[in-house]
Amino acid sequence: MKNIKISLRSLLAVLIFTSVSISVKSQEQKKEETISIKTSAVCGECKDRIESAMAFEKGVKAVNLDVKTKMATITYKTSKTDPDKLRTAITKIGYDADDKVADSKAYEKLPACCKKGNETH
């Protein structure tokens, strides 16, 4: 009888530990945040280019660029990426991202309509 109680207590302890571990791990994996980044996008082509490229960035769950406001709203997993990496990814596409200036080589590859100084169209 004493051995059965010890076995049941051990089993209960293992089950509780496993349950807590799984719960904590799933909460960490599901942690998502949304950030808005000001870009230098000016047209629908810019929108398509940024949304398509950012969709392939590690940890990015959703991307939406509002051409009128030039704001990219990005939902991402905090365990996979961070705001600075997201801004850098946008600059590598050829666009400014908040205070980060576009990568010059990527910027030169943009079509003329996507260059800075063009009006939103």
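Owing to the predicted nature of the structure, the values given are computational and were not obtained by experimental measurement. Sequence positions are assigned chain by chain, starting from 1 and proceeding in written order. Reporting of local features is limited, given that this is a predicted model, to residues whose pLDDT is at least 70; pairs of side-chain atoms are given and counted only at 80 or more, and all residues count toward the totals for whole chains, interfaces and linings. Excluding hydrogens and water, the side-chain figures rest on all heavy atoms present in the structure.

1. Section: the side chain of Glu51
- Put simply, DSSP H or I for four residues or longer makes a helix, DSSP E for two residues or longer makes a strand, and each gets a number counted from the N terminus. The residue Glu51 is located in helix α2 (residues 44-55) in this model.
- At 2.8 Å, the side chain of Glu51 forms a polar contact with the backbone nitrogen of Leu65.
- Two residues form a contact once any of their heavy atoms are found within 4.5 Å. Once residues within four sequence positions are removed from consideration, Glu51 is found in contact with Val63, Asn64 and Leu65. A 3.5 Å cut-off defines polar contacts: any pair of N or O atoms within that distance qualifies, except that in protein one atom must be a possible hydrogen donor and the other a possible acceptor, and neighbouring residues in sequence count only when both atoms are side-chain atoms.

2. Section: the nonpolar core
- Ile37, Cys46, Met54, Ile74, Leu86, Ile90 and Tyr95 are the most contacted members of the largest nonpolar core, which has 25 residues in total.
- Counting residues per element, the ones that place at least two in this core are β1 (32-38), α2, β2 (60-66), β3 (71-77) and α3 (83-93).
- Among the elements that take part in this core, α3 stands out by supplying four residues, more than any other.
- For Met54, the contacting residues outside a window of four places in its chain are Val60, Val63, Ile74, Leu86, Ala89, Ile90 and Ile93. We define a nonpolar core as any set of buried Ala, Val, Leu, Ile, Met, Phe, Trp, Tyr and Cys residues linked to one another through side-chain atoms lying within 4.5 Å. Only protein chains enter the area calculation, which uses a 1.4 Å probe; residues under 20% of their type maximum are buried, those over 50% are exposed, and those in between are partly exposed.

3. Digging into the environment of Glu45
- Topologically, Glu45 is positioned in helix α2.
- Glu45 gets classed as partly exposed once you look at its relative accessible area, which sits at 41%.
- Put simply, Glu45 and Pro111 are 66 residues apart on the chain and 8.8 Å apart in space, counted from C-alpha to C-alpha.
- Apart from residues no more than four positions distant in its own chain, Glu45 is found in contact with Pro111, Cys113 and Cys114.

4. A word on the pattern of salt bridges
- For this analysis, a salt bridge means a side-chain nitrogen from Lys or Arg found within 4 Å of a carboxyl oxygen belonging to Asp or Glu. Per the counting criterion, the structure on display carries six salt bridges.
- For the salt bridge of Glu45 with Arg49, the shortest nitrogen-to-oxygen distance reads 3.9 Å. Of this pair, Glu45 and Arg49 both sit in helix α2, four residues apart, roughly one helical turn.
- Put simply, Lys116 and Asp96 hold a salt bridge, and the shortest N to O gap is 2.9 Å.

5. Points about the packing of α2 against α3
- Throughout, an axis means a line fitted to C-alpha atoms (over the contacting stretch in the case of helices), and angles, computed between N-to-C directions, take values from 0 to 180 degrees. Axis separation between α2 and α3 bottoms out at 10 Å; the angle between their running directions is 130°. On the basis of their axis angle, the class for α2 and α3 is oblique. Seen along the crossing, α2 lies across α3 with a hand that is right-handed. When α2 is examined against α3, the residues Arg49, Ile50, Ala53 and Met54 are found in contact with a partner set consisting of Leu86, Ala89, Ile90 and Ile93. Convention used here: angles under 35 degrees read as roughly parallel, angles over 145 as roughly antiparallel, angles from 65 to 115 as roughly perpendicular, and any remaining angle as oblique. Two helices that cross are described as forming a left-handed crossing if the nearer one is turned anticlockwise from the farther one by less than a right angle, and a right-handed crossing if clockwise.

6. Notes on the pairing of β3
- Only strands joined by at least two bridges in the DSSP assignment are considered to pair. Here seven bridges tie β1 to β3, and the two strands are oriented antiparallel to one another. Bridge pairing in β3 places Glu33 opposite Tyr76.
- Alignment of β2 against β3, held across six bridges, turns out to be antiparallel. The residue of β3 that forms the bridge with Leu65 is Ala72.
- Taking the residues between adjacent antiparallel strands as the criterion, β2 and β3 are bridged by four residues, where Lys70 takes a positive phi near 65°.

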